[in-house]
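# Coordinates in review
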Amino acid sequence: MPAPAPAPAAPVDLEPRVGARPGFVTGTVFDTQGRPLPGAGVRIAGTTYAQGQRTSFETVTGSGGTYAVRVPDGRYSARAWIDTTYEGVHFSRVLHPLSGNPNTEVDSVDGGTLDFQWRLTGLHSPPGDDPSDYYGASIDFAYCGLPADAYCSFDYDAFPTRPIAPGGSNVVVTLTPLAPLIDGTQGRPPRFEFKVQDQDVDYAPGTAPNTLPGYENGGGGRTVLGADWEYRSTYFHDIPIGVYELTATAYLPDGNTVPLMLGLDPED
């Protein structure tokens, strides 16, 4: 399976600016560089001791990145997020709980602190097989192994004599940042790679008049991205939100390289 380039390590010297206060839930929210983050949303939810009622409160961090909410005696957890506009698009990003667990609860009788940090990458919900499990974004990547003018369609009129990247080829996909990332920092190029398997002869047949021997019932010039990848596609997970130039190159078993054409549409 493809793996992203290692993400920069999160700052370790995160010093909360507000301590516990009896009757309050307090905390500090940090940006990706470990600086206090003003304007972050925080939702506190819990159960009161006196009547066993569920209750919730919302607030926004102040200029020092801190919050403090007076709550009835009870046990509470919190969620935090940051709303921002990047390249004309609105994003609401969930922030990382520094306790390591989004379900961490504190007792408000003595006061409790729940701190957060904005992270561009990282797994926040195991097992990590879904785009929503990551702080970063995901790309659904597919490879059909057909010439560009075939548009990866069933209805093409030419069957290539071999896949563009035959089985055993290594495909490298690189995203080169063209602008600062969503948090304003400079990004590093995420890099993914996978090994191409042989053509899938069980794929539904196409309409090519020059079907190759052994592929009468399918194949269609398409290849399988990996042994466990159904439908010749997979996600590249945990990419910091940014503007990128995307390139893909196939390194063939014979030592040659082939640049692959890319499209943003399944039929492109």
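Just so it is clear, the structure is predicted and the values come from calculations on it, not from any experiment. (Residues numbered from 1 in each chain as written. Predicted model: local features only at pLDDT ≥ 70, side-chain atom pairs only at ≥ 80, totals over all residues. Heavy atoms only, no water.)

### A few points about the overall build of the protein chain
Across its full length, the protein chain carries 0 helices and 16 strands. Counting across all 268 residues of the protein chain, residues that qualify as buried make up 41%. Within the protein chain, counting contacts between residues at least 6 apart in sequence, those at least 24 apart form 66% of the total. Just so you have it, the protein chain exposes about 14400 Å², and 50% of that area is on carbon and sulfur atoms. (Helix = DSSP H or I, 4+ residues; strand = E, 2+ residues; numbered from the N terminus. Buried < 20%, exposed > 50% of the residue type's maximum accessible area, 1.4 Å probe, protein only. Contact = heavy atoms within 4.5 Å. Areas by Shrake-Rupley, 256 points an atom, 1.4 Å probe, with all protein chains shown as cover.)

### So, unusual backbone geometry
With an omega dihedral of 15°, the bond running from Pro-126 to Pro-127 counts as a cis peptide bond. With respect to the element layout, Pro-127 can be found in the loop between β10 (116-117) and β11 (137-142). The backbone of Glu-87 sits at a positive phi, close to 50°, despite the residue not being glycine. For Asp-238, which is not a glycine, the phi torsion comes out positive at approximately 65°.

### Re the packing of aromatic side chains
In the structure shown here, the tally under the stated rule is 3 aromatic pairs. Centroid distance Phe-192 to Phe-236: 4.5 Å. Interplanar angle 10°. Geometry classified as stacked. Taken together, the residues span a long stretch of sequence, with Phe-192 in strand β13 (residues 191-195) and Phe-236 in strand β14 (residues 233-239) at a distance of 44 residues. Judged by relative accessible area, which is 1%, Phe-236 ranks as buried. Ring pairs connect the aromatic residues Phe-141, Phe-192, Phe-194 and Phe-236, which therefore count as one cluster. (Phe/Tyr/Trp six-rings, centres within 6.5 Å; stacked < 30°, edge-to-face > 60°.)

### Thoughts on the pattern of salt bridges
Applying the stated criterion across every chain yields a total of 4 salt bridges. Ionic pairing is found between Arg-75 and Glu-105, a salt bridge with its closest N-O pair at 3.3 Å. In this pair, Arg-75 sits in strand β5 (residues 74-86) while Glu-105 sits in the loop between β7 (96-97) and β8 (106-107), placing the two residues 30 residues apart along the sequence. On the basis of relative accessible area, Arg-75 is assigned to the partly exposed category, the value being 34%. (Salt bridge = Lys/Arg side-chain N within 4 Å of Asp/Glu carboxyl O.)

### Digging into the sheet that holds strand β16 (residues 257-259)
Strand order across the open sheet formed by 4 strands is β13-β12-β15-β16, with antiparallel pairing between neighbours. Here the strands that pair on one side only, and so sit at the sheet edges, are β13 and β16. The mean inter-strand angle of the sheet, taken between neighbouring strand axes irrespective of direction, is 20°. Pairing between strand β12 (residues 170-177) and β13: 5 bridges, direction antiparallel. Across the sheet, residue Val-173 finds its bridge partner in β13, namely Phe-192. (Pairing = 2+ DSSP bridges. Axes fitted to C-alpha atoms, helices over the stretch in contact; angles between N-to-C directions.)

### A word on the nonpolar core
Core analysis: the largest hydrophobic core is formed by 40 residues, its most contacted members being Val-25, Ile-44, Tyr-67, Leu-95 and Phe-116. In terms of residues, this core owes the most to one element, β5, which gives 5 residues. In contact with Ile-44, not counting residues within four places along its chain, are Val-25, Thr-55, Ser-56, Phe-57, Tyr-67, Val-69, Tyr-76, Ser-77 and Ala-78. (Core = buried A, V, L, I, M, F, W, Y, C linked by side-chain atoms within 4.5 Å.)

### Description of the pairing of strand β2 (residues 41-48)
The element β2 is largely enclosed, with a buried count of 6 among its 8 residues. Inspection of the sheet shows β2 paired to strand β3 (residues 54-60) by 7 bridges, in the antiparallel sense. In the strand pairing of β3, Val-42 is matched with Thr-59. Bridge analysis of β2 against β5 gives 8 bridges, and the strand direction is antiparallel. Looking at β5, one finds that Gly-41 is bridged to Trp-81.

### Thoughts on the confidence of the model for the protein chain
In this model, the protein chain carries an average pLDDT of 81, and 72% of its residues clear a pLDDT of 70 or more. Confidence, read as mean pLDDT per element, is least for β14 in the protein chain (85) and greatest for β2 (98). A low-confidence stretch, residues 1-12 stays under pLDDT 50, and its non-local contacts, those more than four residues away or across chains, total 26 contacts. The model gives residues 217-231 a pLDDT under 50, and that stretch makes 62 contacts with residues more than four places away or in other chains. (pLDDT = per-residue confidence, 0-100.)

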